[in-house]
2 protein chains.
Amino acid sequence: MKNDRIFSDRITDVPRSFIREILKVALNPNVISFAGGLPNRDLFPVDALKEAACRVFENQGRDVLQYACSEGHGGLREYVSARYREKADLDIPVDNILITNGSQQGLDLLGKTLVNEGDAVVIEEPGYLGAIQAFSLYRPTFLPVPVSLEGMDPDALRMARSAGRPKLMYTVPNFQNPSGITYSDQNRMELARILEGTDTLLIEDDPYGDLRFSGRARTSFKHLLPDNTVLLGSFSKSLVPGLRLGWIAAPSALMQKLITAKQATDLRTSHFTQSMVCEYLCNNDADEHIRMICDVYGRQCRAMLAGMKRHFPSEVSYIEPEGGMFVWAELPRHMAAMDLFDLAVKDGVIFVPGDPFYVRGSRHSTLRLNFSCTDVETIDVGIRRLGTAIRKLMGRPTEQCNAVEI
Amino acid sequence: MKNDRIFSDRITDVPRSFIREILKVALNPNVISFAGGLPNRDLFPVDALKEAACRVFENQGRDVLQYACSEGHGGLREYVSARYREKADLDIPVDNILITNGSQQGLDLLGKTLVNEGDAVVIEEPGYLGAIQAFSLYRPTFLPVPVSLEGMDPDALRMARSAGRPKLMYTVPNFQNPSGITYSDQNRMELARILEGTDTLLIEDDPYGDLRFSGRARTSFKHLLPDNTVLLGSFSKSLVPGLRLGWIAAPSALMQKLITAKQATDLRTSHFTQSMVCEYLCNNDADEHIRMICDVYGRQCRAMLAGMKRHFPSEVSYIEPEGGMFVWAELPRHMAAMDLFDLAVKDGVIFVPGDPFYVRGSRHSTLRLNFSCTDVETIDVGIRRLGTAIRKLMGRPTEQCNAVEI
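Here goes a summary of the coordinates provided. Not measured: the values here are computed from a predicted model.

Conventions adopted
- Residues numbered from 1 in each chain as written.
- Chains lettered and ligands numbered in written order.
- Predicted model: local features only at pLDDT ≥ 70, side-chain atom pairs only at ≥ 80, totals over all residues.
- Heavy atoms only, no water.
- Buried < 20%, exposed > 50% of the residue type's maximum accessible area, 1.4 Å probe, protein only.
- Helix = DSSP H or I, 4+ residues; strand = E, 2+ residues; numbered from the N terminus.
- Pairing = 2+ DSSP bridges.
- Right-handed = clockwise from strand over helix to strand, strands pointing away.
- Least-squares fit on C-alpha atoms with pLDDT ≥ 70 in both.
- Contact = heavy atoms within 4.5 Å.
- Axes fitted to C-alpha atoms, helices over the stretch in contact; angles between N-to-C directions.
- Parallel < 35°, antiparallel > 145°, perpendicular 65-115°, else oblique.
- Left-handed = near helix turned anticlockwise from the far one by under 90°.
- Buried area = accessible area lost by both parts, 1.4 Å probe.
- Salt bridge = Lys/Arg side-chain N within 4 Å of Asp/Glu carboxyl O.
- Polar contact = N/O pair within 3.5 Å; in protein donor to acceptor, adjacent residues only side chain to side chain.
- Nonpolar A, V, L, I, M, F, W, Y, C, P; charged D, E, K, R; others polar.

Our next topic: the pairing of strand β6 (residues 168–171) of chain B. Residue and element names in this part refer to chain B. Burial along β6 is two-sided: L168 and Y170 and M169 and T171, pointing in opposite directions, are all buried. As defined by bridge partners, strand β3 (residues 120–125) adjoins β6 across two bridges and the pair is classed as parallel. Considered in β6, the bridge of V121 is made with L168. Relative to strand β7 (residues 201–205), β6 runs parallel, the two being bridged by four bridges. The residue bridging Y170 from the neighbouring strand is I203, located in β7. Handedness of the β6-helix α8 (residues 185–195)-β7 crossover: right-handed.

Written out as structure tokens, the structure is:
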């Protein structure tokens, strides 16, 4: 291959993941990393999953190791359907659930099935980088709409709508990645009123929804726009990410097309891993496991917020999440989080500067801090180091701090 | 969703899988099915895989259940690299191997990374339906080139080249699906001479390569066109299909783009299933297992060919494969395999009519017969029933035969 022209136009449109570059720095054991987006591996139910795997081998080994249907494992789809009914009062028939390789594949299949080149797609600003990457492959026109404490800006959505007749609107309404915000009920209702009667399909991506450690659950868009909402879910955050299992819950007309796309893409998701998770869920208390995760994440989140209160200059603002894995902070407007990153690395702490979460502009003053994988003591040390770096960037005297010892 | 216009143009281009419709008939226990394309489940090493899974949980449970790198599990990529060296004298560095969800995902990632709308793609005629489906999503112009006993028709390839400057050429040179043919060494060399010095990238898809039960291995295109060949491989046929593991071996410049595409598509393939297979391969004799599969498939293939000699009218021709899972037969030209299918179902036997394997025309006279999942006695009964159906279609007196008992 001597020729770069051989590549498709679409692949050149996909933004590189700056986050993956950052994570290489995280391999230094002296660096405290708030940069990742990983679930806490200490909480993985390894023994229970091992038992589940053994039972699957013993009882259905040959079945689950053979090719099987593209829609996914019947028992697992039933579990997802029953859980929607129990937890969210949603009636999602099993036939409307397609198991995917994590919810990232759900995004790819939706892009494949729905997006023609140039179609308008509303995304959150800041928004989930993985969604931007997945949709980019289908070359849409992105219409970024700002999100803030209450949710997505309704006026900006109205303007985006009149500008572009969007085909899709992508949202993470619970503990959004990267901002940690949760759309209020009022905001959801207002957004639904704007979309009602239009052709825009709303994607409610909810990977973190189970990880609530304060406040109360909000109404799913599926209740507000039942015919035009697609739900994406995942076992990556509530169980383990390494089995790559998620799902799409979609209207029937779309399901047919999604199954065709799934077959053309990789035929099906492993029925072995699906059976294993189904077996685990039938024999263990999933809610109890999720409560345990929420306890740990809630404690670590509070430690991070307390640290920020103690160690950050008062000009730095931040959003207190009700769940999920991230705190979003904002430096004074004239400061760039990228500049802070360079200083912070030297002080032995890293985070993700906001830039990759915006499709417009660069040198943003926002940063994403992950708290799921760091214990409370280390969080305090890391936030203290970060406070020191912020003060350096501001040209202020720094707190006493021995940086790179832990 | 009240509106069909919401779907992308590309998804409407994907042909439906007639094979999947056929397989519903196969659920009738009185019907002998030669229609599938499944490996024989009785040969799956369930116990050894169970042991491998237990060891993975015990030794690396938390690691392999966490997110991990997109390229795939290091040990598994090393295994694939070492096996290329050992079995095919090919030097494929580990960095040039990307683990995929079966080789079907390899096709999707290649389409994504390389094919712009309207780009010319050479495919075999008849050819693998899954490849036609995967590429269709990226809206190429297909240039079908006939394959026959020796391999792909060089003159037709020359004509296709001058017509379209193909970006890709897709081949299954060993025990092709559906025809079972293997490209001769001479044919491979001639095809390579035609492509030499051009920009066309040759995809050598080799899911069945290990399943040789007669004859000798041929030269990989990678030896003949080292810079312009992409290899696709799979553990689905030599081990089990239900874990969904395959790989792409690609030139370095393409690897970078494929990894970007993989990340946007589903982040990565499960490291748990990859570790499990790697553990299995390190502790078991993979070659011994493959020899056992080849013994069984070879015996069943010979039974099918012997049955065809005994029970088919002499006007029906067929190709004797050196390996793989399929025999390809051809009725006299004026007869349509679809018409035979309707008669054969009534006689209690099914197969796949050739039509879905061609992008041009319909009512072909060819048929695909799978022998991997049926024991030799049942094969004889099924082929006898099929012979009866062929005679009915020809308007000839039929053999004595009690049809639907088994």
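Aligned on chain B, chain A shows an RMSD of 0.0 Å; the corresponding rotation is 180° and the shift along the axis is 0.0 Å. Within this description, the copies of the chain are treated as partners about a two-fold rotation axis. Comparing contact sets, 100% of the residues at the interface of chain A also lie at the interface in chain B, consistent with an isologous, same-surface contact.

Now for the packing of helix α3 (residues 46–65) of chain A against helix α3 (residues 46–65) of chain B. α3 of chain B packs onto α3 of chain A with a crossing angle of 150° between their chain directions and a minimal axis gap of 10 Å. In this view, α3 of chain A runs roughly antiparallel relative to α3 of chain B, as classed from their interaxial angle. In this structure, the crossing between α3 of chain A and α3 of chain B has a hand that is right-handed. Mapping the contact onto sequence places V46, L49, K50, A53, C54, F57, E58, G61, R62 and L65 of chain A in α3 of chain A and V46, L49, K50, A53, C54, F57, E58, G61, R62 and L65 of chain B in α3 of chain B.

Quick look at the environment of T12 of chain A now. Residue placement: T12 of chain A occurs in helix α1 (residues 9–13). As for T12 of chain A and L137 of chain A, which are separated by 125 residues in sequence, their C-alpha atoms are 8.6 Å apart.

What follows deals with the interface of chain A and chain B. Facing the 77 residues of chain A at the interface are 77 residues of chain B. For the pair chain A and chain B, the summed buried surface comes to about 7100 Å²; carbon and sulfur atoms form 60% of the total. On the chain A side of the contact with chain B, M1, R62 and Y67 of chain A bury the most area, a combined 11% of that side's loss. Seen at the junction of chain A and chain B, the total is six salt bridges. Linking D63 of chain B and R41 of chain A is a salt bridge whose minimum nitrogen-to-oxygen distance equals 2.6 Å. There are 44 residue pairs in polar contact (both at pLDDT 80 or more) connecting chain A and chain B. Among the elements that line the side of chain A that touches chain B, the one with the most residues is α3 of chain A, at twelve residues.

So, about the packing of helix α10 (residues 252–266) of chain A against helix α5 (residues 102–114) of chain B. Closest axis-to-axis distance for the α10 of chain A/α5 of chain B pair is 5 Å, and the angle between their directions is 100°. When the axis of α10 of chain A is compared with that of α5 of chain B, the two are roughly perpendicular. The segment α10 of chain A lies against α5 of chain B, with Q263, A264, T265 and D266 of chain A engaging Q104, Q105 and D108 of chain B. Its residues placed into classes, the contact of α10 of chain A with α5 of chain B shows one nonpolar, four polar and two charged.

Once that is clear, we can look at the side chain of T198 of chain B. All names here are of chain B. The topology assignment puts T198 in the loop between α8 and β7. Since its relative accessible area comes to 15%, T198 is described here as buried. At 2.6 Å, the side chain of T198 and the backbone oxygen of L195 are in polar contact. A distance of 3.3 Å separates the side chain of T198 from the backbone nitrogen of T200, its partner in a polar contact. Every residue in contact with T198, bar those within four places of it in the chain, is listed here: R161 and N228.

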